[in-house]
Amino acid sequence: MFSNAEIGIDLGTANILIYSKNKGIVLNEPSVVAIDINSKQVVAVGAEAKAMIGKTPQNIIPIRPLREGVIADYDVTAQMLAEFLKKVSKTIGTSMRKPTVVVCTPSGSTEVERRAIHNAVSNYGAKQVHLIEEPVAAAIGAELPVESPTANVVVDIGGGTSEIGIISFGGIVASNSVRVGGDKLDEDIINHIRKQYNMLIGERTAEMIKMEIGFAHPNHKTLTMDIRGRDMVTGLPKTIQIDSQEVHAAMKESLEKILDAIHVTLEKCPPELSGDIVDLGIVLTGGGALLKGIQEWLSAELIVPVHIAPNPLEAVAIGTGKALKMINKLQKASK
């Protein structure tokens, strides 16, 4: 019986990742649940539920219970967590009875939002639940020396939020959180295509456009892509060609909000630590770190070196799991 399991959970808007002390990342699934609205039963979770988006009969609704980094639907989140933790038990071949859990929370989340996250995990039967702020988890997962007396700057661009943190001596010196992330960029693309071409596309198509021809830097070799959707005038299927310059223009305002949030955070940095930032720069984590040209664009705008973490998508989950060893120090530092 593995009754004292220790796990870290990255409760992300786009994906949930679970880290086991003994096995590393044991689950990485989309934060989506498909519910039968007649019976209120969970039909599918994770990748299986995400594949249903836009394709289900009327009685089955795929829900994303996490929005902008926080719990939007408490009951569905609790059910989703229970399903994922059952999957993890099977994956690691041992019982997950009364685990000790560390969960990351957005640095700008309210006490009510934190309590909702704490309760959702506690209800599964966790022995202890610790909450740590997302920038700290991202910095640990990106292998930054968070306990050293130097400025470690991390920018975690997730699905619902972008978290910026300056960390020194294991605690946050300055932080900022904006509710702009990958989901907002997808929404920008959907809105642009609706206004420009009178065509409706779904979230999955918008995400594919962002990943294939989305650029953060305005100066890039123009790429084109054929996309399919529904004509808003005729109601019939339609195919159009779009290019990367117009995708960049659609995302520009949201990207600038992330840039402004980084600026504001750097302005709060104590002068003693500012020199470290010039030398060591900023580390990017989260799915947004994979957006084409974001490293070069941020470096040019901020005039400091910008690095991408070794494993940006899993950095927060890895950091959350590794934080189990240093949770007491981190909690003292944050008080």
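Residues numbered from 1 in each chain as written. Predicted model: local features only at pLDDT ≥ 70, side-chain atom pairs only at ≥ 80, totals over all residues. Heavy atoms only, no water.

Caption draft 1: Spatial organisation of the nonpolar core. Membership of the largest hydrophobic core comes to 43 residues, with the highest contact counts inside it found for Ile193, Ile201, Ile209, Ile227 and Leu298. Grouped together as the second largest cluster of nonpolar side chains are 26 residues, Val45, Ile71, Val76 and Val88 included. (Core = buried A, V, L, I, M, F, W, Y, C linked by side-chain atoms within 4.5 Å. Buried < 20%, exposed > 50% of the residue type's maximum accessible area, 1.4 Å probe, protein only.)

Caption draft 2: Fine view of the sheet that holds strand β14 (residues 199–200). Taking strand neighbours across the sheet as the criterion, the three strands line up as β14-β15-β16 in an open arrangement whose pairing is antiparallel. Across the chains shown, the open sheet's two edge strands, defined by having one partner strand only, are β14 and β16 (237–243). Here strand β15 (residues 224–231) runs beside β16; their pairing, made up of seven bridges, is antiparallel. The partner of Thr224 across the bridge, within β16, is Asp243. Of the strands in this sheet, β14, β15 and β16 touch helix α5 (residues 182–197), which is tilted by about 110 degrees from β16. (Pairing = 2+ DSSP bridges. Helix = DSSP H or I, 4+ residues; strand = E, 2+ residues; numbered from the N terminus. Contact = heavy atoms within 4.5 Å. Axes fitted to C-alpha atoms, helices over the stretch in contact; angles between N-to-C directions.)

Caption draft 3: Molecular detail of the sheet that holds strand β5 (residues 41–45). Here we have three strands laid out as an open sheet, ordered β5-β4-β6, and antiparallel in their pairing. Among the strands making up the open sheet, the edge pair consists of β5 and β6 (60–63). Within the sheet, the average angular offset between the axes of one strand and its neighbour, ignoring direction, is 30 degrees. Relative to β6, strand β4 (residues 33–36) runs antiparallel, the two being bridged by four bridges. Its bridge partner lying in β6, Ala34 is registered against Pro62.

Caption draft 4: Structural context of the layout of surface pockets. When its volume is computed, the largest pocket comes out at roughly 920 Å³. Lining the largest pocket are 41 residues, and of these Ala14, Asn15, Glu207, Gly287 and Leu313 lie nearest its centre. Residue classes in the lining of the largest pocket are distributed as 14 nonpolar, 15 polar and 12 charged. Roughly 290 Å³ of volume is contained in the second largest pocket. For the second largest pocket, the full set of lining residues is Ile53, Gly54, Lys55, Ile201, Gly202, Glu203, Arg204, Thr205, Arg228 and Gly229. Counting residues per element, the ones that place at least two in the lining of the second largest pocket are α6 (203–213) and β15. Take the lining of the second largest pocket: its biggest share by element is three residues, from α6. Its residues assigned to classes, the lining of the second largest pocket comprises two nonpolar, four polar and four charged. (1 Å grid on protein atoms, 1.4 Å probe; cavity = no way out; pocket = protein on both sides within 12 Å on 5 of 7 lines; lining within 4 Å. Points joined across faces, edges and corners; volume = space filled by probe spheres on them. Nonpolar A, V, L, I, M, F, W, Y, C, P; charged D, E, K, R; others polar.)

Caption draft 5: Layout of helix α8 (residues 271–280). Where α8 is concerned, the buried positions are Leu273, Asp276 and Ile277. For α8, the buried positions fall inside an angular range of 100 degrees around the axis, keeping them on one side. Opposite the buried face of α8, at more than 90 degrees from it, the exposed residues are Pro271, Val278 and Asp279. Packing partners of the buried residues in α8 comprise β11 (152–157), β12 (162–168), β13 (171–178) and α7 (244–267). Downstream of α8 by a residue or two, Gly281 has a phi angle that is positive, lying close to 80 degrees. (Arc of directions from axis to C-beta.)

Caption draft 6: A look at unusual backbone geometry. In this model, Glu143 sits at a positive phi of 65 degrees, which is unusual for a non-glycine residue. For Glu143, the location among the structural elements is in the loop between α4 (134–141) and β11. Residue classification places Glu143 among the exposed residues on the basis of a relative accessible area of 57%. Of note in the backbone geometry, Asn198 takes a positive phi value of approximately 55 degrees without being a glycine. Its place among the elements puts Asn198 in the loop between α5 and β14. By relative accessible area, which is 38% here, Asn198 ends up partly exposed.

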